[in-house]
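# Geometric and topological summary
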Amino acid sequence: MKKLSNSTLVAICALGISFTSFAGNKDRIGQSGAPELIINPWARTTSLFGNNGSFVGGLEAMKCNIAGLAADSTTEVGVSHGVYLSGSGININNLGVAHNIGHDNVIGINIMSMSFGDIPATDYFNPDGYGTYHPQYLNVQLGFARQFSKNINAGFGMTYVSEQINNINALGLAFEGGIQYVTGKKDNFHIGVTLRNLGTNMKFSGTGFAINADQPQSSPGYTISVNSPSDKFSMPTYLNLSAAYDFYLDENHVRNADSLPMHKLTIMGSFTSNSFINDYIGVGASYTYKNMFSLNAAYRYEKGIGNAENTTTMYVGLSAGATVQTRIGANGPSLAIDYSYRPTQRPANGVHMISLRFTRAGSASKDEE
């Protein structure tokens, strides 16, 4: 089993130190934009509140730790739908495809959109409204990952960000990178590092900022079009450090040394250093039976989360979910259905996510082997 090199350890420490200067800086809260970049649309990962960055594999890794994309050995297709704060009209739709192009290299694309329902349009002259408008968020992500050895995966991704409200929009590019390392007697100790949403500043522009203004000084008077400037805003950059350990509960009852037990319990933890919001500390657990069924639960703590009146997050910190996975036919693709729920406070509507994933026969992700 290969050991983690000293240079890799130094690089991980350097990344962590570089982010302490603005980790959870309360003076910067609310100064970033593109909040959809920190929303994960995949149900299995959200059931663990993103604490699985050290071992997440396949398509869903694109929204958690891009290095895990290298776990796909053939082709994986997935769709997901999220109901954000039930009854609010906010919906998340997501489509992703990952394909192994050979030589341990995997490419992927993930398209996520958010809709906000019909919002009444008002102005100075029509305070009661004169119709509706429909904000739209769209993220298109391209990713590449490579399995450098049995123990190390690394990946890189780029996301095109588009936010639009009628005749006003903002565009940007965000970049990310990640590493996963696995070791242990049965490859059961996992370490992950990911840096996400480093990107260009964004700025809203468009004809929606134009107003007609009179020029009373002129004779005769006339009207000109004046544009109101908008300020730039940054991406919600963050660094995540994670680790996990697999316990094989029936290890003493396997048929031979090469077989894996049927019952696995994974304990995990992570720390997220955010640039513009509070830092996160999370723990989670996942029980898996024969890689066919799993139950997940996690807790994520951030400053003030226990104070319902002063907290800056809508979540209460808990998450839970389940996965059912089976193969269609003897040589058909595998099908997985994931569901997650995260309760919220103010409003207490909760966030529901459901995902459907197909993996071509002969695959698949590390966590399905």
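In case you missed it, the structure is sitting above this.
Residues numbered from 1 in each chain as written. Predicted model: local features only at pLDDT ≥ 70, side-chain atom pairs only at ≥ 80, totals over all residues. Heavy atoms only, no water.

### Thoughts on the environment of Asp246
For clarity, the threshold we go by: For helices the rule is a DSSP run of H or I covering at least 4 residues; for strands it is a run of E covering at least 2, with both sets numbered from the N terminus onward. Relative accessible area decides the class of each residue, using a 1.4 Å probe on protein chains only: under 20% of the type maximum gives buried, over 50% gives exposed, and in between gives partly exposed. Here a residue-residue contact requires only that any non-hydrogen atoms of the pair lie within 4.5 Å. Pairing of N or O atoms within 3.5 Å defines a polar contact, subject to two protein rules: one partner must be a possible hydrogen donor and the other a possible acceptor, and residues neighboring in sequence count only if both atoms are side-chain atoms.
For Asp246, the location among the structural elements is in strand β12 (residues 238-248). By relative accessible area, which is 6% here, Asp246 ends up buried. Leaving out residues up to four positions away in the same chain, Asp246 has contacts with Asp187, Asn188, His190, Lys264, Leu265 and Thr266. In this structure the side chain of Asp246 is engaged in a polar contact, spanning 2.8 Å, whose partner is the side chain of His190.

### A few points about the nonpolar core
Applicable threshold: We call a set of buried Ala, Val, Leu, Ile, Met, Phe, Trp, Tyr and Cys residues a nonpolar core when their side-chain atoms join them within 4.5 Å.
In this structure, Tyr84, Ile92, Met114, Met314, Tyr315 and Val351 are the most contacted members of the largest nonpolar core, which totals 15 residues. Contributing elements (two or more residues each) for this core: β2 (90-102), β3 (105-115) and β18 (351-359). With residues up to four places along the chain from it excluded, the contact list for Ile92 reads Ile39, Pro41, Ser80, His81, Gly82, Tyr84, Met112, Ser113, Met114 and Met353. Formed by nine residues, the second largest nonpolar core is a distinct cluster that contains Trp42, Met62, Ala98 and Ala145.

### Points about unusual backbone geometry
For Asp104, which is not a glycine, the phi torsion comes out positive at approximately 65°. Tracing the backbone shows Asp104 in the loop between β2 and β3. Even without glycine at this site, Asn197 takes up a positive phi of about 70°. Structurally, Asn197 is set in strand β9 (residues 189-199).

### Overview of the pattern of salt bridges
Our working definition: One side-chain nitrogen of Lys or Arg within 4 Å of one carboxyl oxygen of Asp or Glu is enough to make a salt bridge.
Per the stated rule, a full pass over the model turns up five salt bridges. Here Arg357 makes a salt bridge to Glu76, at a shortest N to O gap of 3.7 Å. One end of the pair, Arg357, is in strand β18; the other, Glu76, is in strand β1 (residues 75-84), and 281 residues separate them in sequence. A relative accessible area of 2% places Arg357 in the buried class.

### As for the packing of aromatic side chains
Heads up, the condition is: To pair, rings of Phe, Tyr and Trp, with the six-membered ring standing in for Trp, must have centres within 6.5 Å; the planes then decide the type, stacked if under 30 degrees apart, edge-to-face if over 60, and tilted in the middle. Counting as a charge over the ring demands two things of the Lys NZ or Arg CZ atom: a distance within 6 Å of the ring centre and an angle within 35 degrees of the ring normal.
All told, the structure shown has six aromatic pairs when counted by the stated rule. When the centroid spacing of 5.3 Å and the interplanar angle of 85° are considered together, the rings of Phe49 and Tyr315 count as edge-to-face. Residue Phe49 is found in the loop between α2 (43-46) and β1, and its partner Tyr315 is found in the loop between β15 (293-301) and β16 (318-327); the two are separated by 266 residues along the sequence. Seen in terms of ring centroids, Phe156 and Phe175 are 6.3 Å apart; in terms of plane orientation they differ by 25°. Their pairing is stacked. Taken together, the positions of Phe156 in strand β7 (residues 152-165) and Phe175 in strand β8 (residues 168-183) put the pair 19 residues apart, joining distant regions of the chain. Using a relative accessible area of 31% as the deciding quantity, one classes Phe175 as partly exposed. Among the aromatic residues, ring-to-ring pairing joins Phe189, Tyr245 and Phe247 into one connected group. The ring of Phe148 has Arg146 sitting right over it, with the charged end atom 5.5 Å from the ring centre. Geometry around Tyr280 places Arg300 over its ring, the cationic atom sitting 3.7 Å from the centre.

### Quick notes on the side chain of Asn296
Checked against the element boundaries, Asn296 lands in strand β15. Judged by its relative accessible area of 5%, Asn296 falls in the buried class. Polar side-chain contacts of Asn296 include one of 3.0 Å to the side chain of Ser47. With sequence-adjacent residues up to four places away left out, Asn296 is seen in contact with Arg44, Ser47, Leu48, Ala285, Ser286, Ser319, Ala320, Gly321 and Thr323.

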